[in-house]
Amino acid sequence: MNAGQQTARRLAARAGRPVCRSCRSRNTYATAAAASAPVEAPIQQAHQAQHTPPVTVAAPSYAINAGVVLSRPPLITRDLHPLEAAFFLYQRRLNERLALPFARYFYFKKKTPADLEWKRKIKQRLTPARDIGRYEGYGEESWNDELLINAPESEIAWQVEQLLQDAEKTGAEGEGAGENSNVPSTETTEAGEKSSTATPVQQGSARKVEHEPIERPMPRITEADEKGDLKSLNRALQRTLYLLVKDREGRWMFPQDKIIGKENLHLAAERILVQSSGLNMNTWIVGNVPIGHHEHNFLPGAAKPVDSTDIGYKTFFMKARIMAGQANLTDNKLGLADFKWLSREEMEKVVEKKYWHSIKNMLAER
Amino acid sequence: MNLSIFRPTSRHLTPSTFRTPTLLRQNARPTISKPTTTTPAPRAPFSATTFLQKRKTKNLTDPRITAIRYHLTHPLTPRPLRFSRTRYLRHWTIHRAWLLFLRKQRWTQERALERQYMSMRAACEALRLLDDKGNTVSEAEAGGFGADAGSLGARGREVGRLYRSAMSKKKVWGSVPVEYARAQVDFPSREGWNHAWMR
């Protein structure tokens with residue numbers, strides 16, 4: 001990352017100017033020897049020699065952790081803002097007034113079935129667009145292009161339904177609104193049963209069906225959404241979901257572990273993913289650069305390893321994406337108890353407040 | 001030197017120099033034809049060029065081209081959009097509301113990007129000042145940043161090791177998986193998420 005701001009201050013600091021007082025007070029032990037400028041050095045050493053007791057324990061340190069922000073990107077488009085939906089429909093109806101007449105002979109050869117079907121349909125809906133309702137941009141009523149409040153045409157579901165019906169129907173006069181949609185399925189069942197006893201009525205009903213059955217799109221709210229299954233990746237399809245795990249102390253956080261030896265953050269993230277949530281996830285660590293960090297100081301009475309001089313840990317988060325698979329915590333090496341796939345808002349309620357303060361800025365809005 | 005390979009085969013590209021000598025020769029030296037024989041004047045025995053076919057029918061234009069022409073030169077091009085006063089005011093209000101909405105949306109998106117950038121920046125800065133013990137060192141002890149990321153500070157390699165490896169751009173662009181190119185769609189797939197994916 002090219003962190004190129006505050007250049008002048010840094011250059012000045014590296015040129016040998018003394019560190020400011022707040023920095024000096026923050027970097028107490030490790031940097032006391034080297035931080036001070038040559039001019040100040042004797043004074044500071046004398047100052048320390050007078051007031052600090054002789055050091056008996058090793059200098060305190062922080063454990064350096066790598067964390068993995070494993071996220072599933074949104075799979076479907078977001079819901080439109082009400083203003084957006086209304087504005088788009090308004091513009092599409094306005095476009096009918098501005099567009100030139102539909103060049104039918106460019107698309108359909110004369111007197112072909114497609115041409116006849118088009119003529120039947122445009123007679124019914126008056127406009128080439130199939131999902132803006134009955135409106136004609138030419139003629140006496142062309143000024144009346146605005147919809148009334150709460151008109152069904154402004155519903156997205158209504159527009160989708162119109163597109164589907166247009167694909168299913170042939171525009172024939174006898175076709176009803178409701179009965180035609182399920183005719184293809186009944187025709188296939190009836191064809192086997194009643195082909196021997198075919199009556200003219202049934203032949204007439206079978207002749208009406210000329211289009212293949214159109215598959216309905218899947219709902220945007222899935223089954224896992226309705227059940228509230230927080231472990232499923234098939235939920236909240238409009239949102240980015242993040243993998244959160246519960247550690248030994250029962251805190252929810254991103255999977256994290258100490259960096260071992262000389263490995264860098266990228267390699268550590270890959271290792272932590274495998275060790276925490278198993279091999280059966282198709283993941284990708286996005287880059288070498290951390291997207292955020294979190295510093296945690298242990299409480300004075302907190303239990304910690306005896307030989308450790310750590311007074312806390314610093315975690316650097318790496319961004320990762322999941323493309324397929326599911327987390328599996330059985331036999332994980334990090335002592336994790338549970339996992340969840342949560343969106344940004346749901347995460348805020350689960351994690352600790354200080355942790356949330358550190359991670360909220362690196363998460364995407366959606 | 002055999003130039004036949006350079007001779008073009010299509011008629012309109014054929015230079016007349018290939019034919020002209022023969023014609024000139026014929027004109028300069030008219031053939032002595034006997035009046036009894038009505039044989040036509042000898043033509044070139046062989047010609048690689050194709051003859052233009054005479055159009056036997058009148059010029060038929062593709063009906064699609066006619067349709068395009070008709071609609072491009074439609075008398076209502078461009079169609080006038082006439083509004084009444086109140087209708088125009090309503091349109092103007094809608095337009096201003098849309099612009100306002102766009103501005104707010106863009107502002108929100110920019111702030112979100114800026115938050116993410118500053119989070120990365122702060123993490124990188126913390127990495128740069130991080131020594132082996134996890135403590136934060138001073139500016140003089142830390143290495144450089146930006147284009148100068150490889151340089152070391154007063155304490156040498158023990159400060160900012162993770163920062164220097166994070167700044168490495170090796171293999172950053174070579175490893176993008178093809179599944180990452182998936183676009184968002186309006187309706188989810190029938191199969192749903194593939195939970196049973198196995199490595």
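Conventions used here
Each chain has its residues counted from 1, following the order in which its sequence is written. Written order decides the labels, with chains lettered from A and ligands numbered from 1. Local features are withheld for residues below a pLDDT of 70 in this predicted model, meaning they are given only at 70 or higher, and side-chain atom pairs are given and counted only at 80 or more; totals for whole chains, interfaces and linings count all residues. The basis for every side-chain value is the complete set of non-hydrogen atoms in the structure, without hydrogens or water. Starting at the N terminus, helices and strands are each numbered in turn, a helix being any DSSP run of H or I of at least four residues and a strand any DSSP run of E of at least two. In this scheme, a residue with accessible area under 20% of its type's maximum is buried, one over 50% is exposed, and one in between is partly exposed, where area comes from a 1.4 Å probe on protein chains only. By the convention used here, residues are in contact when the closest approach between their heavy atoms is within 4.5 Å. Surface accessibility follows the Shrake-Rupley procedure with a 1.4 Å probe radius. Residue values consider only the protein chains on display as shielding. In this analysis, strands are considered paired if DSSP registers two or more bridges between them. Where each domain begins and ends follows an automated or database-derived domain assignment. One fewer than the residue count of a helix, multiplied by 1.5 Å, yields its expected span. What the arc covers is the set of directions going from the helix axis to the C-beta atoms.

**Digging into the overall build of chain B**
Alright, step 1. In terms of helices and strands, chain B carries 4 helices and 0 strands.
Alright, step 2. When the elements of chain B are put in sequence order from the N terminus, they spell out α-α-α-α.
Alright, step 3. Across the 199 residues in chain B, those meeting the buried criterion constitute 24%.
Alright, step 4. Long-range contacts, defined here as pairs at least 24 residues apart, represent 32% of the contacts in chain B between residues at least 6 apart.
Alright, step 5. Per element, the accessible surface of chain B, about 15,900 Å² overall, is 60% carbon and sulfur.

**A closer look at the pairing of strand S8 (residues 338-342) of chain A**
All names here are of chain A.
Alright, step 1. The buried count for S8 comes to 4 of 5 residues, which makes it a mostly enclosed element.
Alright, step 2. The sheet contact formed by strand S2 (residues 241-246) and S8 spans 5 bridges and is antiparallel. Within the sheet, the bridge partner assigned to Leu-243 lies in S8 and is Trp-341.

**Remarks on the domain arrangement of chain B**
Alright, step 1. Along its sequence, chain B is organised into domain 1 (83-125) and domain 2 (129-164).
Alright, step 2. One C-alpha centre belongs to domain 1 of chain B, the other to domain 2 of chain B; they are set 40 Å apart.

**Thoughts on helix H7 (residues 113-125) of chain A**
All names here are of chain A.
Alright, step 1. Here H7 is 13 residues long and its end C-alpha atoms lie 18 Å apart, about the 18 Å a rise of 1.5 Å per residue gives.
Alright, step 2. Regarding H7, the residues found buried are Asp-115, Glu-117, Trp-118, Lys-121 and Arg-125. Looking down the long axis of H7, one finds its buried residues gathered within 160° of arc, a one-sided arrangement. Facing away from the buried side of H7 by over 90 degrees, the exposed positions are Pro-113 and Lys-123.
Alright, step 3. Structurally, H7 contributes buried residues whose contacts are with helix H6 (104-107) and helix H8 (156-168).
Alright, step 4. Two residues or fewer after H7 comes Leu-126, characterised by a positive phi angle close to 70°.

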